[in-house]
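If you want the building blocks of each chain, they are given just below.
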Amino acid sequence: MEKTQVAIIGGGPAGLAAALTLSRSMMTSIVFDAPPPSRNAASPFVAALPGLDKRAPGDVRKDIRGDIGAYPYAVIEDVGISELKRAQDSFTLVRDDGSSIRADKVLLATGMIDILPDLPGLEACWGQSVINCPFCHGIEWQDARWGIYAHRPEVLDAAEIYRNWTPNLTYFVNPGLSPSPDRRQQIRDLGANIIDGLPQRLVSENGNLQRAEFPGGGTTDLDCLLVFPHQRQTSLVANLDLTMTDAGYVAVDDGFRTSEPDIYAAGDLTYPGHQNTPTALHMGNMAAATIVMDQCFGK
């Protein structure tokens, strides 16, 4: 059976950054990148990446793959991994096509699966006029009419942040959240409108949001809608016996080691906060450095 020093499951920013760092450390790796579409395929560009600001996600991945290819240590396979199991002093990984490979160490860089609200019309706008990160796409919608889909408490906590990009905010609040009177007043003091209830349908044209519709026929005109979706782990990660945080992310130490020896994790699957390409690149680079050091020290 073929073998590599490091198997990297996931070919997004974290996985590719790790492969590049490992290659420059002369460690062999294989990146398993599940077939398209990638998680950020709907996004028109990658934002806030120095030197590559507003480049298309596919172009960024292509460029990093080219950098990796300049070294003879990494292989990238466009295939997913369906099973991961420990085999004595290494791991056996089963590809989606049924073939197997062994690896001394494994880096999980699978990202997360977004759970979008059951909102008709959302998919047509996702990544265009429905956004999930103001730091990534807020400036393109500066001073526009924003809707805030407040179906989770974290969204209610961030009104002051969204106000940085626009004064035209309308909060659609899930009745189950029941913000306190004081918090309601704080949001209104920002100049935001509050509507108790979530929209039942979005109306758009060519991905450009026009309005949100409510039960009973009410509507609100909008230019964009911010949705911070819930997330879940991939089935591969969920089926591993790894310690998770209370929020459902893979718990890692400062070196991106998981609770299982020789399994590391980097990228969004470890981090519910500021999920973007620069952050994932950093995590992948640091995880790879830990892998190299652990290899050198015999850990």
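Every value quoted in this text rests on a predicted model; they were computed, and no experiment measured them.

Section: helix H1 (residues 13-24)
A rise of 1.5 Å per residue sets the reference length of H1, with its 12 residues, at 16 Å; its end C-alpha atoms lie 17 Å apart and thus fit the reference within 8%. Within H1, nine of the 12 residues are buried, leaving the element largely enclosed by the surrounding structure. Restricting attention to buried positions, one finds in H1 the residues Ala14, Gly15, Leu16, Ala17, Ala18, Ala19, Thr21, Leu22 and Ser23. Those residues of H1 that are buried are in contact with strand S1 (3-9), strand S2 (29-32), helix H2 (57-69), strand S3 (74-77), strand S6 (100-108) and helix H9 (277-296). Positive phi shows up at Met26, right after H1, with a value of about 60°.

Description of the sheet that holds strand S9 (residues 146-150)
As summarised here, the arrangement of the five strands in space is S8-S15-S9-S10-S11, forming an open sheet in which the pairing is parallel. Across the chains shown, the open sheet's two edge strands, defined by having one partner strand only, are strand S8 (130-131) and strand S11 (193-196). Pairing analysis gives three bridges linking S9 to strand S15 (residues 224-226), with the strands arranged parallel. Opposite Ile148, over in S15, you have Leu226 as the bridge partner.

Some points on the environment of Cys133
With respect to the secondary-structure elements, Cys133 resides in the loop between S8 and helix H4 (134-137). Residue classification places Cys133 among the buried residues on the basis of a relative accessible area of 9%. In sequence terms Cys133 and Pro179 are 46 residues apart; their C-alpha atoms lie 22 Å from each other. Leave out the neighbours within four places in its chain, and Cys133 touches Gly138 and His274.

Regarding the sheet that holds strand S14 (residues 219-221)
Each strand in a sheet pairs with its neighbour through backbone hydrogen bonds, running either in the same direction (parallel) or in the opposite one (antiparallel). Strand order in this open sheet of three strands is S12-S13-S14, and the pairing throughout is antiparallel. The two strands at the open ends of the sheet, each matched to only one other strand, are strand S12 (201-205) and S14. Strand-to-strand, the axes of this sheet are offset by a mean angle of 30°, without reference to chain direction. Alignment of S12 against strand S13 (residues 208-213), held across five bridges, turns out to be antiparallel.

Brief notes about the packing of H1 against H9
Two elements in contact, H1 and H9, have axes separated by 7 Å at closest approach and are oriented at 40°. Considering their axes alone, H1 and H9 lie oblique with respect to each other. In terms of crossing hand, the pair formed by H1 and H9 is right-handed. For the pair formed by H1 and H9, the contact residues are Pro13, Ala14, Ala17, Ala18, Thr21 and Leu22 on the first element and Thr277, Ala280, Leu281, Gly284, Asn285, Ala288, Ala289, Ile291 and Val292 on the second. Each residue belonging to the contact of H1 with H9 can be placed in one class, and the counts come to 11 nonpolar, four polar and no charged.

Observations concerning unusual backbone geometry
Residue Met26 is not a glycine yet carries a positive backbone phi of 60°. Note that Met26 resides in the loop between H1 and S2. Phi at Asp262 takes a positive value of approximately 70°, unusual for a residue other than glycine. Here Asp262 is to be found in the loop between helix H8 (235-238) and strand S17 (263-265).

So, how was this worked out
- Residues numbered from 1 in each chain as written.
- Predicted model: local features only at pLDDT ≥ 70, side-chain atom pairs only at ≥ 80, totals over all residues.
- Heavy atoms only, no water.
- Helix = DSSP H or I, 4+ residues; strand = E, 2+ residues; numbered from the N terminus.
- Expected span 1.5 Å × (residues − 1).
- Buried < 20%, exposed > 50% of the residue type's maximum accessible area, 1.4 Å probe, protein only.
- Contact = heavy atoms within 4.5 Å.
- Pairing = 2+ DSSP bridges.
- Axes fitted to C-alpha atoms, helices over the stretch in contact; angles between N-to-C directions.
- Parallel < 35°, antiparallel > 145°, perpendicular 65-115°, else oblique.
- Left-handed = near helix turned anticlockwise from the far one by under 90°.
- Nonpolar A, V, L, I, M, F, W, Y, C, P; charged D, E, K, R; others polar.

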